[in-house]
Amino acid sequence: MKILEERILRDGKVRPGNILKVGGFLNHLIDHQLLDEIGKEISALFCGQNITKILTIEASGIAIACAAAHYVNAPVLFAKKSKTINISNDCYHAEVYSYTHQVSKTIMVEKDFISKDDRVLIVDDFLANGAAIAGLMSIVEQAGATLVGCAVAIEKGFQGGGDELREKGVIVKSLAIIDSMEDGKIVFREQ
């Protein structure tokens, strides 16, 4: 997606440890016009798949999932990273290691909100090592639902998570794939 790649080059900041900071337009301060274009693109990539739920993980994936949901016309369900008193004990769980936070968390989705009848599209802001998507896929599998595919705004292709998922037969569509971020220079994969 050219508009996203251009925005990453203009406003993204490469930080030590293979971190790409896009907080100024995508996952902290959000450019709603760019977000709308991302939602349209995700919808176009999965057109005709009869999606009944969009599944993401809190917190950064929620805005992108909502933008996609607007065009897909399906509700957004997000996995929570911590148990609160208003969440039932009847949940699907998965362990997810966060590359950004450098910690493992148990994510959860209440069983009432996803079923074997659902056709699920997983949406997230970043894909690095694939742990978040693997955790969300586990929840889809536990529910007996059908995974339609995964849509990601930015994939760090050099970290291999997306390629590993594709090798396993998972449909992964990334709007921008970064092949390298050496010396602060971002190089995108030709798609």
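Rules of the game
- Residues numbered from 1 in each chain as written.
- Predicted model: local features only at pLDDT ≥ 70, side-chain atom pairs only at ≥ 80, totals over all residues.
- Heavy atoms only, no water.
- Helix = DSSP H or I, 4+ residues; strand = E, 2+ residues; numbered from the N terminus.
- Rg over C-alpha atoms; globule rule 2.2 N^0.38 Å.
- Buried < 20%, exposed > 50% of the residue type's maximum accessible area, 1.4 Å probe, protein only.
- Areas by Shrake-Rupley, 256 points an atom, 1.4 Å probe, with all protein chains shown as cover.
- Lys, Arg positive; Asp, Glu negative; His and termini not counted.
- Charge placed at Lys NZ, Arg CZ, Asp CG, Glu CD.
- Axes fitted to C-alpha atoms, helices over the stretch in contact; angles between N-to-C directions.
- Left-handed = near helix turned anticlockwise from the far one by under 90°.
- Contact = heavy atoms within 4.5 Å.
- Nonpolar A, V, L, I, M, F, W, Y, C, P; charged D, E, K, R; others polar.
- Salt bridge = Lys/Arg side-chain N within 4 Å of Asp/Glu carboxyl O.
- Pairing = 2+ DSSP bridges.
- Core = buried A, V, L, I, M, F, W, Y, C linked by side-chain atoms within 4.5 Å.

1. Thoughts on the overall build of the protein chain
Each helix and strand counted, the protein chain has five helices and 10 strands in total. Over its C-alpha trace the protein chain gives a radius of gyration of 16 Å, about what one expects of a compact globule, namely 16 Å for 191 residues. C-alpha atoms of the protein chain, sized along the principal axes, occupy 45 × 35 × 35 Å. A burial count over the protein chain gives 47% of its 191 residues as buried. Accessible surface for the protein chain amounts to roughly 9600 Å². Of this, 49% is attributable to carbon and sulfur atoms. Considering the protein chain, the positive charge centre built from 21 side chains and the negative charge centre built from 25 side chains are found 3 Å apart.

2. Overview of unusual backbone geometry
Residue Glu 58 is joined to Ala 59 through a cis peptide bond whose omega torsion reads 5°. Turning to its location among the elements, Ala 59 is positioned in the loop between β3 (53-57) and α3 (61-72). You will see that Asn 50, though not glycine, has its phi angle at about 50°, which is positive.

3. Observations regarding the packing of helix α1 (residues 2-11) against helix α2 (residues 32-45)
Between α1 and α2, whose axes approach to 10 Å, the crossing angle comes to 140°. The handedness of the crossing between α1 and α2 comes out as left-handed. Residues Ile 3, Leu 4 and Arg 7 of α1 form the contact with α2, whose own contacting residues are Leu 34, Glu 37 and Ile 38. For the contact of α1 with α2, the per-class residue count stands at four nonpolar, no polar and two charged.

4. Section: the pattern of salt bridges
Considering all chains together, one arrives at 13 salt bridges under this definition. Residue Asp 90 is joined to Lys 111 by a salt bridge in which the shortest nitrogen-to-oxygen separation is 3.3 Å. Of this pair, Asp 90 sits in the loop between β4 (76-79) and β5 (91-98) while Lys 111 sits in the loop between β6 (103-110) and β7 (119-127), and the two are 21 residues apart along the sequence. By relative accessible area, Lys 111 is classed as partly exposed at 33%. Three or more residues joined by partner-sharing salt bridges are found here, namely Glu 155, Asp 163, Arg 166, Asp 179 and Arg 189.

5. Here we look at the environment of Gly 149
The topology assignment puts Gly 149 in strand β8 (residues 146-156). In sequence terms Gly 149 and Val 172 are 23 residues apart; their C-alpha atoms lie 6.0 Å from each other. Dropping the residues within four chain positions of it, Gly 149 is found in contact with Phe 46, Val 120, Leu 121, Ile 122 and Ile 171.

6. Section: the sheet that holds strand β10 (residues 187-188)
What the six strands build is an open sheet, ordered β4-β3-β7-β8-β9-β10; its pairing is mixed. The open sheet has two edge strands, β4 and β10, and neither has a second partner. Pairing geometry for β3 and β4, over four bridges, is parallel. Each bridged residue has a counterpart across the sheet, and for Ile 54 the counterpart in β4 is Val 76. Here α2 sits on the sheet and contacts β7, β8 and β9 (172-180); the angle it forms with β9, its principal contact strand, is near 115°. Its contacts with the sheet place α3 against β3, β4, β7 and β8, and it is angled at close to 170° to β3.

7. Examining the nonpolar core
Grouped together as the largest cluster of nonpolar side chains are 34 residues, with contacts concentrated most on Leu 4, Ile 8, Leu 20, Ile 38, Ile 42, Ile 54 and Ile 154. Where this core is concerned, the elements lending two or more residues are α1, α2, α3, β7, β8 and β9. When residues in this core are grouped by element, the largest group, six residues, is from α3. Ignoring anything within four residues of it in the chain, the contact list for Leu 20 reads Ile 8, Gly 12, Lys 13, Val 14, Phe 126, Ile 154, Lys 156, Ile 178, Met 181 and Ile 186. With 25 residues, the next largest nonpolar core counts Ile 57, Val 109, Ile 122 and Leu 165 among its residues.

Treat this as a map of the structure, not an account of what it does.
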